[in-house]
Amino acid sequence: MGQQEDAREQRRTIAVLVDNEPGVLARVIGLFSGRGYNIESLTVSEVDPVAGFSRITIVTSGTSMVIEQIKAQLARLVPVHEVHDLSTEGPHIERELALIKVANRGDARIEALRIADMFRARAIDSTLESFVFELTGNPGKINAFVGLMEAIGTTEVCRGGVVAISRGSNISMVTVDGDPEDDPTQAG
Amino acid sequence: MTSATQPDTEPQTRMTGAAIVLKALQDQGVDVVFGYPGGAVLPIYDELFTTNAVRHILVRHEQGAVHAAEGYARSTGKVGVVLVTSGPGATNAVTGLTDALMDSIPIVCLTGQVPTHLIGNDAFQEADTTGITRPCTKHNYLVKSVDHLSDIMHEAFHVAARGRPGPVVIDLPKDVLFADGPYRAPSAPRRTTYRPRTVPDQDAVEQAVDLIASAERPVFYGGGGLINSGPEASRLLTEFVQMTGYPTTLTLMGLGAFPASDRRFLGMLGMHGTYEANLAMYNCDVMINIGARFDDRVTGRISDFSPRSRKIHVDIDPSSINKNVPVDVPVIGDAATVLARMIETWKRKGCRPRQDALARWWEQIDSWRARDCLAYSQDGSVIKPQHAIRRLFEKIRGRDFYITTEVGQHQMWAAQYFEFEEPNRWMTSGGLGTMGYGLPAALGVQVAHPDALVIDVAGEASFLMNIQELSTLCQYGLPVKAFIVNNQWMGMVRQWQELIHGGRYSESYTASLPDFVKLAESFGGVGLIARTADDLDDVIDEMLAVDRFVLADIRVSKEENCFPMIPSGAAHNEMLLGQDDRMEHETSDDGMVLV
Ligand SMILES: Cc1ncc(C[n+]2csc(CCOP(=O)(O)OP(=O)(O)O)c2C)c(N)n1
Ligand SMILES: [Mg+2]
């Protein structure tokens, strides 16, 4: 018996607060490759230079059993302070930054600008035969924009990966003074 | 910070990195280190020489050092400590570290490293030790500044021992060992993140107890977590089993956590477990897993694993829950703490086992037991391996003994035919299945328990894998007994080839074996040989009487197979009980690919 496993693949966005120390990213990536988990996107940057915390955002997919494993395995790494499943903990916002270069001529350039305007992409570099657009949005929006640009020119794309945060006033991942001193539920 | 001993201005005694290492080891209560020197760790060896503060056991190979430390740790409940040099010293330790990770054994391994300014330069004896050991340690550190050294040393012991134990590597560049830095005594751990949960959620405990009380066909399934939790966990399990009268089985890692002589003990479960244990698991309605991890050696084909039971899983590591088998009641916490709460809850609620149902369940179990699945007949003069191992056990029963094993058939027979009454007496490589584990592990056990009887039940092929440690036994006068169940085959490999690969015995014969008697003598020990069943008892007696290390070469029948056996990819109710038990079906394709 046991709980019935939900065999459907789900996409999840997980935020992880870690000590900013050498090797921490390798530990997280090694965990995913060593155990065969998917990584769709992974971003990392320091968020609290005083406490020395970095925040990692991982977009992954798997069955509910695998997702639970991923979270438990992450939580058990020694430099990991907190693991949050943004997809299930309430509404959240995802954004990605992309730089898209499109090389084309003639009318297609006008079309590129028109589409960029619609997507609120900014042209940040231009020659007579190319633009570089800067675009932020959720990954779907960026996919759509890139798709359109590919149709009207030769493109080169660089994407920053997904960053995400919960909506609302609730501060779920305390960075400064957030020592969970009396919380015995951390890690494994 | 313990204020009584620490004045306000924390005294930061300054000393060299090497001295900090030694001081930290002493403050952590370390009394022995298993190691092997080399250029990068010479400052530590110098410090060992001048302070003489910690005993050092010089092994003959770094893999041996880690296994010895594992034997030490498993037989004492303390952290085992290893000291090796950079490069090849560290890479040689990798198998041991992986073994300790898989079996959750607390180890702190100090590795030398080239000086910080040369890291990344392909310097002599440089290896990316933290990179190589990241996946085979619970945690690791590269110490880049002597200022952090004492904190890291203390934290490493904390991380190795707390929660689910495991190996921790500290990589020490040589310049850090020479530099002067502050020494801080062990205080509250520096790291605030690593605080594993030990106290269970009371709601989960109540739910578990209700389920346990409602059971008609219950079974306790205990594992290595009981041993790691400390002897109190085993005591409490025994108490709980006695209160409930429920049948109890243990994994390979858990043997000793419940007394084998108790009639409620069904023996070991899993691939080579007993008929009654595996059928109880298959047919139970409530399974109470305490400190075991639903390993594939235990579950067999997962889709048919105990299909009709509701499952309680007690584990200190949340990542073990729902990993292989979905469970109904997870309880996260330390085994002893959880068991104490369960017993307290059971009493407070006035729970009673359902006697009628339980009596019927026992009747059923006793009928399985009557199959006597471990029976063998020793007839003729050729020694049966089962008989050799059983006789050894009968001769030492009641004595203060510790058993280690190598890996293979002999290991499974030892698990089947020895009876362990207490925890920490049985040391075997379960998760990694490392041939060559048993001899160095026995060495470590003997260092910890100099007066006890320590026996490595070995296969001849495995024994050759770390045989260099005989020299260590000789040097320190460690009277380890190696009981070599010599079938002249990699028996377990031969068995699989016979049963699954059409009898094509590819490269599994152990040709050109040494003369073990002469070998023992050349290393300064005693060699004995038993060729026939008539020799056996005398050889065992003599082995036990000698107070030096002994190699007993027990020539056993060559083609014996280890039963019961659940072929890979099969379910618990598809067990083979003996040579005449034909496999119902050819092993499935899914089964063939399993290890
Ligand atoms: C280091 C290592 N290499 C290979 C194996 C695969 N293996 C498992 S059992 C075994 C044979 C062991 O032979 P022996 O030590 O003589 O024990 P027996 O099975 O004959 O009792 C082998 C090769 C292993 N477990 N460990
Ligand atoms: Mg053999």
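For every chain, the first residue of the written sequence is number 1, and numbering continues from 1 onward in sequence order. Lettering for chains starts from A, numbering for ligands starts from 1, and both go in the order in which the items are written. For a predicted model such as this one, the threshold for reporting local features is a pLDDT of at least 70, and the threshold for listing and counting side-chain atom pairs is 80 or more; totals across whole chains, interfaces and linings nevertheless cover every residue. Values shown for side chains rest on all heavy atoms present in the structure; no hydrogens or waters enter the calculation.

### Some remarks on the overall build of chain B
Inference 1: Think of it this way: any DSSP run of H or I at least four residues long counts as a helix, any run of E at least two long counts as a strand, and we number them from the N terminus. Scanning chain B from terminus to terminus reveals 24 helices and 20 strands.
Inference 2: Both definitions apply: the radius of gyration is a C-alpha atom measure, and the globule rule equals 2.2 Å times residues to the power 0.38. Over its C-alpha atoms chain B spans a radius of gyration of 25 Å, differing by no more than 12% from the 25 Å that the globule rule assigns to 595 residues.
Inference 3: Dimensions of chain B, computed from the C-alpha atoms along their principal axes, are close to 70 × 65 × 45 Å.
Inference 4: In chain B, 76% of the contacts between residues at least 6 apart in sequence involve partners at least 24 apart.
Inference 5: Methods summary: accessible areas were calculated by the Shrake-Rupley approach with a probe of 1.4 Å, and residue burial reflects only the protein chains presented. Accessible area for chain B stands at about 21,900 Å²; split by element, carbon and sulfur atoms hold 49% of it.
Inference 6: Counted charges follow a simple rule, with Lys and Arg positive, Asp and Glu negative, and His plus the chain ends left uncounted. Taken as the charge centre is NZ of Lys, CZ of Arg, CG of Asp or CD of Glu, depending on the residue. Of the side-chain charges in chain B, 53 are positive and 73 negative, and the distance between the mean point of each set is 4 Å. Residues are treated as being in contact if the distance between any of their heavy atoms lies within 4.5 Å.

### Considering the packing of aromatic side chains
Inference 1: Think of it this way: a Phe, Tyr or Trp ring, Trp meaning its six-membered ring, pairs with another when their centres are within 6.5 Å, and the plane angle makes it stacked under 30 degrees, edge-to-face over 60, tilted otherwise. Tallied over the full model, the rule gives 22 aromatic pairs over all chains.
Inference 2: For the pair F420 of chain B and W426 of chain B, a centre-to-centre distance of 5.1 Å together with 45° between the ring planes defines the contact as tilted.
Inference 3: Joined through ring pairs, the aromatic side chains of F393, F401, F418, F420 and W426 of chain B make up one cluster.
Inference 4: Lysine NZ or arginine CZ positioned within 6 Å of the ring centre and within 35 degrees of the ring normal marks a charge as sitting over the ring. Lying over the aromatic face of F131 of chain A, R109 of chain A brings its terminal NZ or CZ to 4.3 Å of the ring centre.
Inference 5: Over the ring of Y402 of chain B we find R425 of chain B; its NZ or CZ atom is 4.3 Å from the centre of that ring.

### Quick look at the coordination of the magnesium ion (ligand 2)
All names here are of chain B.
Inference 1: Coordinating N, O and S atoms are those within 2.8 Å of the metal (3.2 Å for Na, K and Ca), and as water is not part of the atoms, a site may appear to have fewer donors than expected. For the magnesium ion (ligand 2), the full set of protein donor atoms is E460 (OE), E460 (OE), N487 (OD1) and W489 (O), at a range of 2.1 to 2.6 Å.
Inference 2: Because the angles between the six donor atoms bound to the magnesium ion (ligand 2) fall within 53 to 175°, the donor set is best described as irregular.
Inference 3: When the donors of the magnesium ion (ligand 2) are listed by position in the chain, the intervening gaps give E-x26-N-x1-W. Across the pair, exposure class does not vary: N487 and W489 are buried alike. Only four donors with every angle between 85 and 135 degrees are called tetrahedral; only four or six donors with opposite donors over 155 degrees apart and all others between 65 and 115 are called square planar or octahedral, in that order; all others are irregular. Summary of the burial criterion: residues with accessible area below 20% of their type's maximum are buried, those above 50% are exposed, and those between are partly exposed, where the area comes from a 1.4 Å probe applied to protein chains only.

### Focus on the packing of helix α11 (residues 231–244) of chain B against helix α14 (residues 335–348) of chain B
Residue and element names in this part refer to chain B.
Inference 1: Between α11 and α14, whose axes approach to 8 Å, the crossing angle comes to 25°. Accordingly, the angle class assigned to the pair α11 and α14 is roughly parallel. The two elements α11 and α14 meet at a crossing, and its hand is left-handed. Counting all contacts with α11, which are made through E232, A233, L236, L237, E239, F240, M243 and T244, the residues of α14 involved are A335, A336, L339, A340, M342, I343, W346 and K347.
Inference 2: Side-chain classes follow a simple rule in which Ala, Val, Leu, Ile, Met, Phe, Trp, Tyr, Cys and Pro form the nonpolar group, Asp, Glu, Lys and Arg form the charged group, and the remainder, Gly included, forms the polar group. Here the residues of the contact of α11 with α14 are counted per class, giving twelve nonpolar, one polar and three charged. Whenever a helix is involved, its axis is fitted only over the stretch in contact; in every case the axis is a line through C-alpha atoms, and angles between N-to-C directions fall within 0 to 180 degrees. Our angle categories are set so that under 35 degrees counts as roughly parallel, over 145 as roughly antiparallel, 65 to 115 as roughly perpendicular, and the remainder as oblique. Helix crossings fall into two classes, left-handed where the near helix is turned counterclockwise from the far one by less than a right angle and right-handed where it is turned clockwise.

### As for the pairing of strand β5 (residues 92–103) of chain A
All names here are of chain A.
Inference 1: Two elements, β5 and strand β8 (residues 154–166), share eleven bridges in a ladder whose sense is antiparallel. The residue bridging R95 from the neighbouring strand is V163, located in β8.
Inference 2: Strand direction decides the pairing type here: β5 and strand β7 (residues 130–137), joined by eight bridges, are antiparallel. In the strand pairing of β7, L99 is matched with E134. Note: two strands are recorded as paired if DSSP finds a minimum of 2 bridges between them.

### Some words on the sheet that holds strand β4 (residues 80–85) of chain A
Residues and elements named next belong to chain A.
Inference 1: Here four strands make up an open sheet; going across it, the order is β2-β3-β1-β4 and the pairing antiparallel. Every other strand in the sheet has two partners, leaving β2 (41–48) and β4 as the edge strands with one partner each. Between one strand axis and the next, the sheet turns through 20° on average, direction left out of account.
Inference 2: One ladder, built from five bridges, connects strand β1 (residues 10–19) with β4; its direction is antiparallel. Within β4, the residue paired with L17 across the bridge is E82.
Inference 3: Along the sheet, helix α1 (residues 24–34) contacts β1, β2 and β3 (53–62); its crossing angle with β3, the most-contacted strand, is approximately 10°.
Inference 4: Across the sheet, helix α2 (residues 64–75) is in contact with β1, β3 and β4; its angle to β1 comes to roughly 5°.

### As for the confidence of the model for chain B
Residue and element names in this part refer to chain B.
Inference 1: Per-residue confidence from the predictor is reported as pLDDT, which spans 0 to 100. Summarising the model, chain B shows a mean pLDDT of 95, and 96% of its residues fall at 70 or more.
Inference 2: Low pLDDT, under 50, characterises residues 1–9; the predicted model gives this stretch six contacts beyond four residues in sequence or across chains.
Inference 3: On the interface metric, ipTM, the complex scores 0.92, and its pTM is 0.95.

### Focus on the site of ligand 1
All names here are of chain B.
Inference 1: In the region of ligand 1, 17 residues are neighbours, and Q409, H410, G433, S462 and G491 sit closest.
Inference 2: At 2.9 Å from an oxygen atom of ligand 1 is found a main-chain nitrogen or oxygen belonging to M492.
Inference 3: Its free accessible area being 590 Å², ligand 1 has 76% of it covered by the protein chains.
Inference 4: Counting residues per element, the ones that place at least two in the shell around ligand 1 are α17 (409–417), α19 (460–463) and α21 (491–500).
Inference 5: Residue composition of the shell around ligand 1, grouped by class: eight nonpolar, eight polar and one charged. Here a residue is considered near a molecule or strand provided that any single heavy atom belonging to it is located within 4 Å of it. Between N or O atoms, a polar contact is any pair within 3.5 Å; within protein, one atom must be a potential hydrogen donor and the other a potential acceptor, and residues adjacent in sequence are included only when both atoms are from side chains.

### Some remarks on the sheet that holds strand β5 (residues 107–113) of chain B
Strand pairing in a sheet relies on backbone hydrogen bonds. The paired strands run either parallel or antiparallel.
Residue and element names in this part refer to chain B.
Inference 1: Overall, parallel pairing links the six strands, which are arranged β3-β2-β4-β5-β7-β6 in an open sheet. Every other strand in the sheet has two partners, leaving β3 (55–58) and β6 (139–142) as the edge strands with one partner each. Taking each pair of neighbouring strands and ignoring which way they run, the sheet shows an average axis angle of 20°.
Inference 2: Examined bridge by bridge, β6 and strand β7 (residues 167–173) share four bridges and lie parallel to one another. Pairing of H139 across the sheet is with V168, part of β7.
Inference 3: Packing of helix α2 (residues 42–51) onto the sheet brings it into contact with β2 (32–35), β3, β4 (80–84) and β7, and relative to β4 it is tilted by some 120°.
Inference 4: Against the sheet, helix α18 (residues 438–448) touches β2 and β3, its axis set at about 155° to β2.

### Section: the pattern of salt bridges
All names here are of chain B.
Inference 1: One side-chain nitrogen of Lys or Arg within 4 Å of one carboxyl oxygen of Asp or Glu is enough to make a salt bridge. Counted under the stated rule, the structure contains 42 salt bridges over all chains.
Inference 2: Across the pair K384 and E560 runs a salt bridge, and its minimum N-O distance is 3.6 Å. One end of the pair, K384, is in the loop between α15 (355–369) and α16 (385–396); the other, E560, is in the loop between β20 (550–555) and α24 (589–592), and 176 residues separate them in sequence.
Inference 3: Note that E419 and R390 form a salt bridge whose closest N and O atoms lie 3.0 Å from each other. Of this pair, E419 sits in the loop between α17 and β16 (426–427) while R390 sits in helix α16, and the two are 29 residues apart along the sequence.
Inference 4: Assessed through its relative accessible area of 21%, E419 is described here as partly exposed.
Inference 5: Sharing partners across several salt bridges, the network here consists of R390, R391, E394, K395, R397, E419, D537 and D541.

### A few points about the state of the cysteines
Inference 1: Our working definition of a disulfide is a cysteine sulfur pair at a distance within 2.5 Å. Under the definition given, this model contains zero disulfides over all chains.
Inference 2: You can see C136 of chain B has no disulfide; the closest cysteine sulfur is in C109 of chain B, sitting 9.4 Å from it.

### A short note on the nonpolar core
All names here are of chain B.
Inference 1: Of all hydrophobic cores here, the largest spans 111 residues; its most connected members are I312, M342, F418, I455, F483 and I554.
Inference 2: Other than its neighbours up to four places away in sequence, I312 contacts A208, L211, I212, V286, M287, I288, N289, V329, V331 and M342.
Inference 3: If you look at the next biggest cluster of nonpolar residues, it comprises 45 residues, including I57, A69, V169 and L439. For this analysis, a nonpolar core means a set of buried residues of the types Ala, Val, Leu, Ile, Met, Phe, Trp, Tyr and Cys, connected via side-chain atoms within 4.5 Å.

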